[in-house]
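Below, each chain spelled out in residue letters.
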Amino acid sequence: MVRDGAGKAVGGRRPGYPAAAVVFAIGMAGTTLPTPLYGLYQEQIGFSELLVTVIFAVYAVAVITVLLVAGNYSDEVGRRPVLLCAMALSAASAGCFLLQSGLPLLFAGRLLSGCAAALLSGAATAAVIELAGPGQKARAGFAATAANMGGLGCGPLLSGFLAQYTPWPLTLPFWVHLGLVAVAAVITWFLPETVAEPKRWPPLTPQGVRVPPEVKGVFPPASLAAFAGFALLGLFTAVAPSFDARTLGVHNLAVSGAVVFSVFLASTVGQALTQRIGARLAFPVGCGILVVGLLLVASSLIAESMVLLVLGALCGGAGQGLAFRAALTLVSSAAPAEHRGGTISAFFVVAYTGISVPVVGVGALATWLGLRQAGLIFTGCVMLLAAGAGAYAACRPPAGGAVGRR
């Protein structure tokens, strides 16, 4: 196959960046598929709320580890082999959930899912952007964002609906996902390879964590905001269904899945708006909206109101999307080209720490104090982090990093 300078196939029509975005979305949907089902697993196997959050955290640990060890591997071997590997890991994860009869396979499924997500986050994002034409880069960048967050949101929406309205709540969601993964693998097979000279299985070269001096002014508030925003996402994907059932009295799994979907949908919208208003303004504004969203989530626990919880999900998700994309833009713009990959990896390590460590804390506190009190403590702590990052950015706006229309 002959390719042009952009890595696209010459002499025939091949799938473009929308097809790569579909693959990305399908892969990411599998990572949140178990979210509405944790309560059913608790009933079937019997384990505490703390263990629910630990099972969830295994996913984040796998993501961080693979990002550090193999985050840049698709630059060496090509996008397609890494995407196919991610699809295989996603299928293996679904297989673990289909075969599970206890905790070991639940842990294995989440571990494999985290590995798949880490490979997808780098290779699929790069593939979507690289397959876009010269005038399509901005749209492709948003397509990658929408595929990532939209896929994460569609997972619980799909599994919640299937679990609530079909006779096979713990198996059908994963069979459906296996079918989608097969479709994604076929699409990936026909995608053009965008790496000019891919190598054949070179040794891994771990990136490590690098924060060069040029980034030290913007990295602390940016990573703090990412930590706070991902903590909100972690709360919704790990324990929101338990909040719905035990605190708000909502036992419909489809509703629980839709609530989780709403936070990721709002995040996608927030990230889209970042490009319009610019990163320097979007960062403190996003942190402020995230604080308001957290206040609404806390209010929903106090008032036992599903309406307030949904409003908190929408508001908090939008704030997270604004602040996250702005923070990532500012960090990547400030980093020297030779250290940009390592700097972005360090940023994502902090973000994924935020999606795991706080929710494990919620699980531990829920064991002693109950879910409502644990949720209130969580929202209070994350509000302080987001407010601090936003106030710092408002008082000392970082130089550069404006996001303009392209």
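Residues numbered from 1 in each chain as written. Predicted model: local features only at pLDDT ≥ 70, side-chain atom pairs only at ≥ 80, totals over all residues. Heavy atoms only, no water.

Scanning the protein chain from terminus to terminus reveals 15 helices and 0 strands. Overall, the C-alpha framework of the protein chain stretches about 60 × 55 × 35 Å when taken along its three principal axes. In the protein chain, buried positions account for 56% of the 406 residues. Restricting to contacts in the protein chain with at least 6 residues of sequence separation, those with at least 24 account for 85%. Between the mean site of the 22 positive side-chain charges and the mean site of the 12 negative ones, the protein chain shows a separation of 7 Å. (Helix = DSSP H or I, 4+ residues; strand = E, 2+ residues; numbered from the N terminus. Buried < 20%, exposed > 50% of the residue type's maximum accessible area, 1.4 Å probe, protein only. Contact = heavy atoms within 4.5 Å. Lys, Arg positive; Asp, Glu negative; His and termini not counted. Charge placed at Lys NZ, Arg CZ, Asp CG, Glu CD.)

Turning next to the packing of helix 7 (residues 137-165) against helix 11 (residues 253-277). Interhelical geometry of helix 7 versus helix 11 gives an angle of 175° and a closest axis separation of 7 Å. Relative to helix 11, the element helix 7 is oriented roughly antiparallel. Looking at the contact of helix 7 with helix 11 residue by residue, the class counts come to 18 nonpolar, 10 polar and no charged. (Axes fitted to C-alpha atoms, helices over the stretch in contact; angles between N-to-C directions. Parallel < 35°, antiparallel > 145°, perpendicular 65-115°, else oblique. Nonpolar A, V, L, I, M, F, W, Y, C, P; charged D, E, K, R; others polar.)

The next subject is the packing of helix 12 (residues 279-303) against helix 13 (residues 306-334). Where helix 12 meets helix 13, the axes come as close as 7 Å, and the angle between the chain directions of the two elements is 155°. One way to sum up the angle between helix 12 and helix 13 is to call them roughly antiparallel. For the element pair helix 12 and helix 13, the recorded crossing hand is left-handed. (Left-handed = near helix turned anticlockwise from the far one by under 90°.)

What follows is about helix 8 (residues 172-190). An α-helical turn contains 3.6 residues, so a residue and the one three or four places further along point in the same direction. Spanning 19 residues, helix 8 covers 28 Å between terminal C-alpha atoms, matching the ideal 27 Å at 1.5 Å per step. Three or more residues of helix 8 are buried, namely Pro173, Phe174, His177, Val181, Ala184 and Thr188. On an axial view of helix 8, the arc spanned by its buried residues comes to 75°, and they lie on one face. Exposed residues lying more than 90 degrees from the buried face of helix 8 are Trp175 and Trp189. (Expected span 1.5 Å × (residues − 1). Arc of directions from axis to C-beta.)

To continue, consider the environment of Leu376. Tracing the chain through its elements places Leu376 in helix 15 (residues 371-395). For Leu376, a relative accessible area of 28% puts it in the partly exposed group. The spacing of Leu376 and Val69 is 307 residues in sequence and 36 Å in space, taken between C-alpha atoms. The residues touching Leu376, leaving out its near neighbours within four places in the chain, are Ala298, Leu301 and Ile302.

This brings us to the packing of aromatic side chains. What characterises a pair of aromatic rings is the spacing of the ring centres plus the angle enclosed by the ring planes. Overall, the coordinates contain 9 aromatic pairs when judged by the stated rule. Between Phe347 and Phe348, the aromatic rings sit 5.9 Å apart at their centres with planes inclined by 85°, giving edge-to-face as the arrangement. The structure contains a cluster of three or more aromatic residues connected by ring pairs, namely Phe230, Phe324, Phe347, Phe348 and Tyr352. Just above the ring of Trp189 sits the side chain of Arg80; from NZ or CZ to the centre is 5.5 Å. (Phe/Tyr/Trp six-rings, centres within 6.5 Å; stacked < 30°, edge-to-face > 60°. Lys NZ or Arg CZ within 6 Å of the ring centre and 35° of its normal.)

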